[in-house]
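Okay, here's what each chain looks like letter by letter:
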Amino acid sequence: MTSDSTPDPVDVEHAMGSSAAGSGEGDGSPGDLVGAPIERREDAHLLTGDTRFTDDVQYPRETHLAIHRSRYAHAAVEDVDTSAAETMDGVLAVYTREDLLAAGLDGTLPGDEPDYGVPVDRPLLAGDRVRYQGDPIAGVVAEDRYTAHEAADAIDVSYDRLDAVGDVTDALDGDAPTVHEEALDNVAFDWEAGDAEATRAAMDEADEVVEVDLSINKVVAVPMEPRAAVARFQEGEGLTVTLGCQSVLGVQDHLSDVLGIPEHRISVDAPDVGGGFGVKAQAYTGHVLAAWCSVQLSRPVKWVATRTEAFLSTNHSRRHEVTARAALSADGDLRAMGFESTADVGAYLTQGGALVPSLAFGTRLSGAYDVEAAHAHVTGAFTNTTTLSAYRGAGRPEATYLVERLVRESALELGEDPVEFRRRNFLDPDQFPYETPFGSSYDSGDYEGALDLALEHLDYEAFRERQERAREEGRYLGIGVSSYIEICGGGPNSLQGGVVRMTPSGKVVAATSLVENGQGHATGFAQVVADELGVDYDDVEVVEGDSDRAPEGQGTGGSTAMTLGGNALKEGARQVRERAREVAAHELEASPDDVEFEDGTFHLAGAPDRSLDIDEVARAAYSGSLPPELRGLEETAFFSPDGSTAPFGTHLCVVVVDPDTGEVDIDRYVAVDDVGTQVNPTLVEGQVVGGIVQSIGQALHEEAVYDDNGQLMTGSLQDYDLPRADDVPEIEWDSTVTPSPNNPIGAKGVGEAGTIGAMPAVVNAVLDALEPFDVETLDMPITDEKVWRAIHGD
């Protein structure tokens, strides 16, 4: 899946002879690693089966936790009879909400309270009311997992079943069932941004107003390993918790809050995560209850969600019902955009459940375009479904989907090619830094450059000619265009720590609070640190996912690994280098101002023969003969960027539609992304391709479907249609490079870029193919059946 402009991955030892950091080449030697497509050091153990997922962790005397969950979406709980479970052989304990309260817990999940909206508690175990199918009611701890699950099934709950609201389209009806008494008419929050008055005025004055109603489907993240945790409490030593997560310090914090154990007595370790995607960033009953049970029983407790349990209770995402409008001039200028959305938050409002469908979504709704005014109004609605929160992209894929669908409809209304409409309405490079009508900031960009490179790869004009010939022959091809932007990278209020230590041998240890979820952190971070210190790449060890060794900072998410974590380690390495300069000056009997550093060597200015290699300086730094203020080479740096970043790009998708069956086949997919400086182009391409595949899934395959009673109809991999290898084409990837001015590396972030650009590209392609059939709109997922019915008017 490499492009012509991206070199094949190289081994450090065989990467000699190139140059130009940031160009996608590099010789792997000290000072020339940033920009080199070095092979991921994370892959060997994954490919050889030497992985360590949470369920692989085992302790002597380990016990197992299973959770009894509600079978109904909405019901009053009249009684919980645990007697049958308690008497089963091998069962150690059964806990209900009453037990938690009796032990002094407040019974709620920690650390995920919304910043705005209706405050409703999210129970650790439900009490007198359950509000979605899968709401946890009781936990069973047994000697083995099979007994634990059998005992959980034996718990008898008496319900008084209540009417449920299964979808956001019904939630705000006046006669809809009430999910929470605190929330009038099921409104979880009411949020708006932009200038409503200016947007209305632009609509009134427009020569054309384009309006489109769009439905964005609810999706479920499906990591390789579902949520899991193993906790071990030892009196006098504290609590150790191993789990696949996105923030070890975040887990440490909220476990401390719940259990009343000081943070320094809680160690959190993230092994191989098996995919995070945003859904492993929150607190869930499983790992919190496992930790509490271990404290109660003084034995290790393991909890591993079954796949069905994960479908029922892991956060869902992205459900919106939206009306989008564009104000156009007679000359085809895009003057204003307005959006009215109802967003599903599920049964409980969390921090992510409020933030993602409002701020993270709504402030991205001006896209890559130079519009005079914009406004977004989002109403969050409670439903009797699983809680919704972040999923890869966290609001940005939804926003881009709406903008790019609206842009396509606007071009059609004007009878103009969608490429030319975009080109004319793009922001110009000299407008950056740019403040959007929503008050967000774009740091840098050249949107037309990315568009032109994508069109060049595809040969757009030749495709349009081919498309016309194919239609005459009864074959239906379509092309979809998506020019996206993203806002990520943290901001001035973000803070990320990095610890860099050079040992007496000259080896380097770099520690961060981030957690590897498949991105390639250890590879990229080692390149940054090795370049800064002039050491060999293989001499840098990267430590992450360990609360005992991590400096304070954020977890993994929001495409911030390199913009925050990489820059923190870069600054830590710079500080170590400058400290080493002082040691070298002492050894060379010179002033530090007279000592220069080049290619891993310190030497006197004008006298290169008087020099010390950095590993020699490292040995000297740990000598007792040094003055105390010079001893040791270890620094902790904390980095905050000057502002956020705005990756961007253009994706083109070509599909072939069979009108007899409705089958949609992706013929080609071209992606051109600009994520700023690329520390490792191979890692960048891998992130983009993975994101594209996930959004192809949402566009054509995936949907979490609930019936009118709030029962999940797609609760297994037999019912939830993930894309397979033969559903995905070879991704043709290329890039432009527009460094960010807001951080020293110049990186913008890439973890979510592919996910953001892909959905509208695929959907626009299908609609383009169906133009001869007068099909004006379709909502995701665009299944074969849906296409066939649209063609045949059924």
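> Which parts of the structure should I look at to understand the side chain of E42?
By secondary structure assignment, the location of E42 is in the segment before α1 (43-47). R40 provides the closest opposite charge to the buried, salt-bridge-free E42, at an N-O distance of 4.3 Å. Among the polar contacts listed, one links the side chain of E42 to the side chain of T523, at a separation of 2.7 Å. Beyond its immediate sequence surroundings of up to four residues, E42 is in contact with E516, G520, H521, A522 and T523.

> Help me out: how do you make sense of helix α7 (residues 248-259) in this one?
For an α-helix, 3.6 residues make a turn, and residues three or four places apart therefore share a direction. Under the 1.5 Å per step criterion, the end-to-end length of α7 is 16 Å for 12 residues, consistent within 8% with the ideal 16 Å. The buried fraction of α7 amounts to 9 of the 12 residues, a majority that puts the element mostly inside the structure. Looking at the buried side of α7, the elements it contacts are β11 (238-243), β12 (266-269) and α8 (285-297). G260 sits one or two residues past α7 and shows a positive phi near 70 degrees.

> It is not clear to me how a negative patch on the surface should be interpreted in this structure. Could you clarify?
Together, E78, D79, D81, E86, E98, D99, D156 and D160 line one region of the surface with negative charge. Mapped onto the negative patch, the elements with two or more residues apiece are β2 (75-81), α3 (97-102) and β6 (156-161). Considering every element that reaches the negative patch, the biggest residue donor is β2, with 3 residues. Within the element layout of this structure, E98 appears in helix α3. Take E98: its relative accessible area is 65%, and that puts it in the exposed class.

> Explain the packing of aromatic side chains to me, please; I cannot follow it from the model alone.
Each pair of aromatic rings is reported with the distance of its centres and the angle of its planes. The tally for this structure, following the rule as stated, stands at 12 aromatic pairs. Relative to Y348, the ring of Y132 lies with its centre 6.3 Å away and its plane at 80 degrees, an arrangement referred to as edge-to-face. Linking Y132 in the loop between β4 (129-130) and β5 (136-142) with Y348 in the loop between β16 (334-346) and α10 (351-355), this pair joins segments that are 216 residues apart in sequence. This pair shows no difference in class: Y132 is buried, exactly as Y348 is. Taking 5.9 Å as the distance between ring centres and 45 degrees as the angle between the ring planes, the aromatic pair formed by Y434 and Y442 counts as tilted. Note on accessibility: Y434 and Y442 belong to one class, buried. Among the aromatic residues, ring-to-ring pairing joins Y369, F426, F432, Y447 and F648 into one connected group. The ring of Y537 has R41 sitting right over it, with the charged end atom 4.4 Å from the ring centre. We note R227 situated over the ring of Y284; from NZ or CZ to the ring centre the distance is 3.9 Å.

> Even after reading the chapter, I still don't get the packing of helix α12 (residues 396-414) against helix α20 (residues 753-769), so can you show me in this structure?
Each packed pair of helices is defined by two parameters, the angle between the axes and the distance between the axes. Following both chains from N to C, one finds α12 and α20 inclined at 35 degrees, their axes separated by 8 Å at the closest point. In this structure, the crossing between α12 and α20 has a hand that is right-handed. Facing R396, P397, E398, T400, Y401, E404, R405 and R408 of α12, the residues of α20 in contact are T755, I756, M759, P760, V763, N764, L767 and D768. By residue class, the composition of the contact of α12 with α20 is 7 nonpolar, 3 polar and 6 charged.

Cut-offs used in this document
Residues numbered from 1 in each chain as written. Predicted model: local features only at pLDDT ≥ 70, side-chain atom pairs only at ≥ 80, totals over all residues. Heavy atoms only, no water. Helix = DSSP H or I, 4+ residues; strand = E, 2+ residues; numbered from the N terminus. Buried < 20%, exposed > 50% of the residue type's maximum accessible area, 1.4 Å probe, protein only. Lys, Arg positive; Asp, Glu negative; His and termini not counted. Salt bridge = Lys/Arg side-chain N within 4 Å of Asp/Glu carboxyl O. Polar contact = N/O pair within 3.5 Å; in protein donor to acceptor, adjacent residues only side chain to side chain. Contact = heavy atoms within 4.5 Å. Expected span 1.5 Å × (residues − 1). Patch = residues over 30% accessible without salt bridge, like charges linked within 9 Å, V, L, I, M, F, W, Y side chains within 5 Å. Areas by Shrake-Rupley, 256 points an atom, 1.4 Å probe, with all protein chains shown as cover. Charge placed at Lys NZ, Arg CZ, Asp CG, Glu CD. Phe/Tyr/Trp six-rings, centres within 6.5 Å; stacked < 30°, edge-to-face > 60°. Lys NZ or Arg CZ within 6 Å of the ring centre and 35° of its normal. Axes fitted to C-alpha atoms, helices over the stretch in contact; angles between N-to-C directions. Left-handed = near helix turned anticlockwise from the far one by under 90°. Nonpolar A, V, L, I, M, F, W, Y, C, P; charged D, E, K, R; others polar.

Honestly, that's just the spatial picture; any functional story needs more than this.
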